[in-house]
Amino acid sequence: MSKIKIHLKRAGIGLLVLLIALGAGGGYYFKSYLPNIVARKSFPQIDGEIQLEGLDAPVSIYRDSMGIPHIYASTAHDLFFAQGYVHAQDRFWQMDTWRHIGSGTLSEMFGKGQVKTDTFLRTLGWRRTAEAEYAQLDPASKAILDSYAAGVNAYLKDRSAEALSLEYAILGLLSPDYKIEPWTPVHSLTWGKAMAWDLRGNMGEEIERAELLKVMPPEQAAKFFPDYPADHPVIVNKIGEGQSNVEGQASSLSPIIQLSTFDFQPAQERLALLDPWLGRVGDGIGSNSWAVSGKLTASGMPLLANDPHLGIQMPSIWYQAHLECKPVSDDCPFNVAGFTFAGVPGVIIGHNDRIAWGFTNLGPDVMDLYIERVNPENPNQYEVNGKWVDFEVRTETVNVVGGEPVEITIKSTRHGPVISEVYGPLKNEGDPKDKEFVPFKERAGIELPEQYVIALKWTALSPSTPFQAIWGFNRAQNWEDFREAARGFHVPAQNLLYADVDGNIGYQAPGDIPIRANGDGSLPVPGWTDDYEWTGFIPFEELPYTFNPVEGYIVTANNQASPRDYPYLITNNWDYGYRAARIVEMIENAPGKIDIPYIQSMQGDAMDLGAKALLPVWKEIDYKAETPVQQAVLDMMLNWDYQCTADSQSAAVYQWFWWNLLQNTLNDELPERTQKMGGRSGGSPDFEIMRRLIQTPNDPFWDDKNSAEVVETRDDIYIASLAETAEQIEKEYGKDTAKWPRWGELHTATFRNGTLGESGIGLIENLFNRGPFETGGGKSIVNATGWDVGVGFQVDWLPSMRMIVDLGNLNNSITVHTTGQSGHAYHPHYIDMAPLWANVQYYPMLWDEASITSDAEGHLVLKPK
């Protein structure tokens, strides 16, 4: 249970005791008073006029039938002022929570249960970095942020907390001393750091590799990190214009230093502190995007599709908006629509009047762990090339609502912040009350310096904001403008997909991607010499890009971006390309010219290529079912079309079998604590590991280490997994196959408020959480609704929105995101999109003013006071 759950549950129990003492009034408070009276206080005004200080001229805001604001302003200042105002109208609780995450001040909002999380966030120093970013911005960029902040604060002015969002009514009972502060430009910039963390590099994989090297030799551990498959597509085969893209880099697992007993598992536990706030990072989290040129489409013009995959949450991470200068001019150059982050000005993904763009995560390796040798005679020094130098040390105060401030000390080396001292069990000094604590130096037993710390080097900790590039995309009129803006997209590096109204399609990989003197970033390295330093970054001109490839399409799905003979290392941790392969297959085998309905079917495709590879093995196995249930399970799988649709019983049976097959094959090879945490999760690495293992039926990995008397083969594990699946389904659902579940019944999406919706108190959670919704899809499937083997079939990450842009007629574009525009529980637009999303349905992405005004459910005019 996360710390926020513990904290809120404690406070909530006291609240419930009070309500019980009040008798039936407690039920009325939660079931009637809060939903019907308090919640409505925060619903925004969407009609009429409001006078505000700080505007240059009137601003017109139309809300269409989905609650999406279309903002028309005569100056850039007013445009972003109004965007800030509208964001605050609909999503201020989300914005407030996000800024406390970015600043490491969650304890100011939720109390002492968040001190450890704040300590970790302060150690990373996101807010300090954001402050440095703001100081170095050009005047135009500062003006955008300043105008946006002014609009947010105009909405906050003279409003009570309850008038901002229902959550504050509950927070007032749990943290009565909490005060809402004005919004600042730095609050917007810190969200860039939070997203960089959410889309971070391979630090988790470094830890995983180190853990595996504790229990097996490097050549065996390497099987868990196969090379990118030769039969799956890369994004760019040859860098440049008009090149072919039809067509990996090997990972080294030889330890730089002796890591065979180094205990990195506590690091993973500490990293998980941010999961309740930013979502868990898994091996399947990514995104899909593809652009198809006019030579393949029914309209003769490009279509661009995008669906970013992020952790499930309530409300949606996205807020859709349309920003238009009236008129568009050099001083006010914006006419752009798409998806925004509440808390950040501009449009992150979308289109303007000339171009469209989408993102998927490039996933470069931009994080390295350095083991620093500490002076045994002076703990305030560490070694650099044979000399002792002082740590950089700073102290910060974590303010705690309803409690005493906590002072923390943060150390940094030349590489970055020292994170080992906030890793809990990695410490050598523990809580005296913890009787099970064992100093790390006694557990490690490795060939390391007598005294050491671990520092993190990460590109996101150097001042640079992706939002300047975003604002450049918002203004760009052609491919050259787009690429120029992409130069400023330093971190988190994304696959940038492009299409325009002139018929062009393109792709650019941006970002600060390090060049290392030695090593490949796959394991922690010694920090006391220069042997493993970063010597620079891959030059922008040499990063992968393509423009109008001869195939007439570009597909990005977190698969390998670079040509197979690319001279630089971007990462060894690509997604293994199952989604990309399926998307390419559907484009190349389209029944005719591609149109929007066909793109819709592609985004909803549920073909499981892992199953397609693994199930034919049964043809090679001499097996007779021992029970009718076993035979039914086998028949369902072998007569299945491999589509994981919500209505498919066969899909449910297969995924149950896949769970057992994966665990029975690989879990006994893993470190004990990894096994206890659920083992392998079933993502694209596991698809590829198993696809290769089935080719060698007698591989030692098939042997169950828990059965010392027998050496199992592939066929034995298949049969055992089938028997286990049949036994489990029969126990749960009986022998009658008509009563067995459909995949959608197991694979449901429940949207939970990331704070109060995780409180552990049903009355509070029911106010904010919505679901379950049945879904299709799965891991490494185009309809990428994630779940974890060893944990549960429920959706834990998903396509956070789906967008299809028609460059021949922008008004034909369609889209959907997960929950709704509103962040206000019980508002009509709080959960109205979820049924559409679950069924891969869409609504119009309105563009021209006539369509917008005719569809409007509200027209608000903001006027200068």
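Computed from a predicted model, the values in this text were never measured in an experiment. (Residues numbered from 1 in each chain as written. Predicted model: local features only at pLDDT ≥ 70, side-chain atom pairs only at ≥ 80, totals over all residues. Heavy atoms only, no water.)

**Description of the packing of helix α15 (residues 467-475) against helix α16 (residues 479-486)**
Just so we agree on the cut-off: What counts as an axis is a line fitted to C-alpha atoms, over the stretch in contact for a helix, and the angles between N-to-C directions run from 0 to 180 degrees. Secondary structure elements are defined from DSSP: runs of H or I of at least 4 residues count as helices, runs of E of at least 2 residues count as strands, and each element is numbered from the N terminus. Geometric relationships in this document are graded by angle, where less than 35 degrees denotes roughly parallel, more than 145 denotes roughly antiparallel, 65 to 115 denotes roughly perpendicular, and other angles denote oblique. What makes two residues a contact is simply this: any of their non-hydrogen atoms within 4.5 Å. Under this grouping Gly is polar, as are all residues other than the nonpolar Ala, Val, Leu, Ile, Met, Phe, Trp, Tyr, Cys and Pro and the charged Asp, Glu, Lys and Arg.
Where α15 contacts α16, the axes come no closer than 8 Å and their chain directions differ by 170 degrees. One element, α15, and the other, α16, form an angle in the roughly antiparallel class. For the pair α15 and α16, the contacting residues are A469, G472 and F473 in the first and F482, A485 and A486 in the second. For the contact of α15 with α16, the residue count by class is five nonpolar, one polar and no charged.

**What to know about the pattern of salt bridges**
Formally: The rule for a salt bridge is simple: a side-chain nitrogen of Lys or Arg has to be within 4 Å of a carboxyl oxygen of Asp or Glu. When accessible area is computed with a 1.4 Å probe and restricted to protein chains, residues below 20% of their type maximum are described as buried, those above 50% as exposed, and intermediate ones as partly exposed.
If you walk through the whole model with that rule in mind, you get 32 salt bridges. A salt bridge links R127 to E131, with the nearest nitrogen and oxygen atoms 3.1 Å apart. Of this pair, R127 and E131 both sit in helix α6 (residues 126-136), four residues apart, roughly one helical turn. Residue R487 pairs with E541 through a salt bridge whose shortest N-O separation is 2.9 Å. Highlighted residues: R487 in the loop between α16 and β17 (494-500) and E541 in the loop between β21 (534-537) and β22 (545-547), separated in sequence by 54 residues. Exposure remark for R487: the relative accessible area of 37% places this residue in the partly exposed category.

**What to know about helix α21 (residues 649-666)**
Condition: Each residue after the first adds 1.5 Å to the expected span of a helix. Think of a polar contact as two N or O atoms within 3.5 Å of one another; within protein, one of them needs to be a possible hydrogen donor and the other a possible acceptor, and neighboring residues in sequence only count if both atoms come from side chains.
With 18 residues, α21 should reach 26 Å at 1.5 Å per residue; the first-to-last C-alpha distance of 26 Å fits that figure. Summarising burial for α21: 15 of the 18 residues are buried, a large majority. The residue sitting at the N-terminus of α21 and contributing the capping side-chain oxygen is S648; that oxygen lies 3.4 Å from the backbone nitrogen of S650.

**Focus: empty space enclosed by the protein**
Applicable threshold: We place a 1 Å grid over just the protein atoms. Points where a 1.4 Å probe fits but has no way out form a cavity, open points with protein on both sides within 12 Å along at least 5 of 7 lines form a pocket, and any residue with an atom within 4 Å of a point lines it. Grid points are joined across faces, edges and corners, and a volume is the space filled by probe spheres set on the points.
The calculated volume of the largest cavity comes to roughly 240 Å³. Counted by class, the lining of the largest cavity contains 14 nonpolar, seven polar and no charged residues.

**Concerning the packing of aromatic side chains**
The criterion, for reference: Each pair of aromatic rings taken from Phe, Tyr and Trp, with Trp reduced to its six-membered ring, is defined by centres within 6.5 Å and is described as stacked if the planes are under 30 degrees apart, edge-to-face if over 60, and tilted in the remaining cases. Here, over-ring charges are defined by two tests on the NZ atom of lysine or the CZ atom of arginine: distance to the ring centre within 6 Å, and angle to the ring normal within 35 degrees.
What the rule picks out here adds up to 48 aromatic pairs. Taking 5.8 Å as the distance between ring centres and 65 degrees as the angle between the ring planes, the aromatic pair formed by F657 and Y718 counts as edge-to-face. Of this pair, F657 sits in helix α21 while Y718 sits in helix α24 (residues 714-733); the two residues are 61 residues apart in sequence, bridging distant segments of the chain. The exposure class of F657 is buried, given its relative accessible area of 1%. What makes Y718 buried here is its relative accessible area of 0%. Joined through ring pairs, the aromatic side chains of W357, F359, F473, W479, F482, F489, Y498 and F547 make up one cluster. The residue whose ring lies beneath R159 is Y155, and the NZ or CZ to ring-centre distance is 3.9 Å.

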